[in-house]
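Fold and contact review
This is what each chain is made of:
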Amino acid sequence: MSLTSQSAVVRRLIVRPGPAPRGTAPVAASATAVSAVLRAFGRSPEDLPARTVVVVGSATIDPALGAEHEGFAVRTTTAPGAALRRAHHELHEGSADLVLVAGFGEPDAQTITVYAVKRAAEAVADADSVLGVLDVRAPRGADTAPPLRPLPPVPRGSDPDRHRLVLWSGRTADEETRVRGELLTALEHMDRRAFPSLPAALPCGAPAGAVRGAAVAVSALAAPTVRRARAADAARPRPVALLFPGQGSQHAGMAAGLYRREPVFTAAVDAALSHMGEEGARIRADWLDPRNAAIDIDDVRRAQPLLFAVDYALGRMILGWGVKPVAFLGHSAGELVAATFAGVVGLPDAVAMVMARVREAVKIPAGGMLAVAASEERLRPYLVDGVAIAAVNANQQVMLAGASEPLAGVAARLKADGLTAVTVPATSPFHSPAMAPASDAVEADYRSLPLREPRAALYSGYTGGPMSPDDARDPRFWARQITDTVHFRDALDDLLAADDVLLVEAGPRQTLTAFARRHRSVRLGAGAVTPLLPSRAGTAEADRQSVLGAAARIWTEGHDLDLDAVSRLWTWSEGTLPAAPVPSPARAEALSA
């Protein structure tokens, strides 16, 4: 069974709604009990996903308990087992992103066992500690709990010709030199077959020191690569901010080298595509076999949905390493990815927003975009016949957009005047007045979606600064992004003025990395930037090597990583998932609510 069709239990807790004398009636499914369920895991209800559903499994239901409580939907079933099955149905019908299943009378009459249940692919993508997946296919009665199956174990990689990360550190420069020397001795005397099993960081079992070194290499080149690596002072790490590129950054096979070779990335891509229905399967097929693709990657029907899935999956992978970004900034369609991470919109609804944009964009007459090496002021005289400034990315890097014929005329004039103009890979005139009908149409769709204020610093290219709570909750704000200019330069200015940060571009092509490198803060060394993926299409191994290089950069900056998670880039392979034990009910944690 595909992971995307399964449901995972990620938390389990025993709740006691309140003290009760022995011998009293079993706890009833009441409003008070549901309030305890909503707070079972120590989170305020405001911190739960907007589409959280509580499913009650109890033979005794208080008649006063309604179909909604504290703003969350409540479903009732006759038994805890039936509630778990209902949770699976809610998740895969798309009506919930998280289900809190309340098994009343478990394990005794005065307690409730609360299960947090998510779609399995999303649980893995979110780096949840999965207790197990519900086997709803097992032949059991409708009221009987489906068996909880563990995820399969993780195999250890054994290919010495696969790039891997080698990290070492010391508290002082002299100690780093000593540790590096010990590592080199080990590498020079090591059988190449043992290279994949070398610990990710040395010295083993000790906290990483403030002087750090890192190398990305295959076994044959490990020793010279370690010898050449420069040590870095990691005493004062800059916080991390994530950048998400939009249309124009896509290329055939982008990031495909990570799919089925890194578990969180794979699960996150599958999770995003699963919300696209049958089209998601077609998008995946075209992505993984671009030579036989039914639709070209630059077509909006492929570029935007796949960019969303790839950007989202890369962001999930970084968070899975234990990195805690302080801010998010997306360019154009990438802003919706950033908003997903900032908590403005849940994954299924973000995907629905992307697909609505695509559906309406294909109705607009063909157009395109130009990247021009000139200032915004220099280009204003060229804005004729519906051609508009689509994006201001840097002081001398501006994009124009419009319908095909007038845009071609502008391109000819720019060339005649000696200006460099490069066609952006896009088939729709995004960020121009031509897209107004699409903007109006998607606004109607967006009004039915739950939008929240950001829970993390979220910078917007449409305001050139931090996104306000009012903008985040406004369907019109999101709809007009199809027509409005992207002020990426201003948003980046604001982000880098707030703090000296390490910018990490979570997307293909390194477009935003190039813009950031021109920024004064980065040129002076106050801020820094590193891309996750190569600047152009390459091999699957090149994708992994590039990602490992970014992990090395983050670690030498001073951020401690979950090395087990990072090591899956060279130890994990297709068809495997990280294992987690399934605790017995007797070991479930108890909480007095």
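Here the residue numbering is sequential within each chain, running from 1 through the sequence in written order. The predicted origin of the model limits local features to residues at a pLDDT of at least 70 and limits the giving and counting of side-chain atom pairs to 80 or more, whereas totals for whole chains, interfaces and linings rest on all residues. The side-chain quantities take in all heavy atoms of the structure and omit both hydrogens and water.

Time to look at the packing of aromatic side chains. For any pair of aromatic rings, the description rests on two quantities: the centre-to-centre distance and the angle between the ring planes. Aromatic contacts are taken between Phe, Tyr and Trp rings whose centres are within 6.5 Å, Trp giving its six-membered ring; a plane angle under 30 degrees counts as stacked, one over 60 as edge-to-face, and the others as tilted. The tally for this structure, following the rule as stated, stands at 7 aromatic pairs. Both rings, one in Phe 488 and one in Phe 515, keep their centres 6.1 Å apart while their planes meet at 55 degrees; by these two values the pair is tilted. Taken together, the positions of Phe 488 in helix H16 (residues 488-498) and Phe 515 in helix H17 (residues 511-517) put the pair 27 residues apart, joining distant regions of the chain. Take Phe 515: its relative accessible area is 9%, and that puts it in the buried class. Helix and strand assignments come from DSSP, with helices taken as H or I runs of at least 4 residues and strands as E runs of at least 2, each series counted from the N terminus. Exposed residues in this analysis have more than 50% of their type's maximum accessible area, buried residues have under 20%, and partly exposed residues fall in between, with area computed by a 1.4 Å probe over protein chains only.

This paragraph deals with the pattern of salt bridges. A pair is scored as a salt bridge if a Lys or Arg side-chain nitrogen falls within 4 Å of a carboxyl oxygen belonging to Asp or Glu. Applying the stated criterion to the full structure yields 37 salt bridges. In this structure, Asp 484 and Arg 480 form a salt bridge, with 2.3 Å as the shortest nitrogen-oxygen distance. Through salt bridges with shared partners, a single ionic network connects Arg 51, Asp 97, Arg 119, Glu 122 and Asp 349.

Note on pairing: two strands pair once DSSP finds at least 2 bridges between them. In spatial order, the strands read E20-E19-E14-E13-E21-E22; together these 6 strands make up an open sheet with mixed pairing. At either margin of the open sheet sits one strand with a lone partner, and together these are strand E20 (465-466) and strand E22 (528-531). We call two residues in contact whenever any of their non-hydrogen atoms come within 4.5 Å of each other. Lines fitted to the C-alpha atoms define the axes, with helices restricted to the stretch that makes contact. Angles between their N-to-C directions range from 0 to 180 degrees. Across the sheet, helix H8 (residues 300-320) touches strand E13 (240-244) and strand E21 (502-505), and the angle it forms with E13 is around 165 degrees.

On to helix H1 (residues 31-38), then. Within H1, 6 of the 8 residues are buried, leaving the element largely enclosed by the surrounding structure. The set of residues buried in H1 consists of Ala 33, Val 34, Ser 35, Ala 36, Val 37 and Leu 38. Where H1 is buried, its residues touch strand E1 (7-16), strand E2 (52-57), strand E3 (68-69), strand E4 (72-77), strand E5 (98-104) and strand E6 (112-119).

Among buried residues, those of type Ala, Val, Leu, Ile, Met, Phe, Trp, Tyr and Cys that are joined through side-chain atoms within 4.5 Å constitute a nonpolar core. Membership of the largest hydrophobic core comes to 150 residues, with the highest contact counts inside it found for Phe 265, Phe 308, Trp 321, Trp 478, Leu 503 and Leu 532. Top element by residues in this core is H8. It accounts for 11 residues. Trp 478 has contacts with Glu 335, Leu 336, Ala 339, Val 344, Met 353, Tyr 446, Leu 451, Met 467, Asp 471 and Ala 472, leaving out every residue within four places of it along the chain. By size, the runner-up hydrophobic cluster in this structure holds 15 residues, among which are Val 166, Trp 168, Leu 187 and Ala 229.

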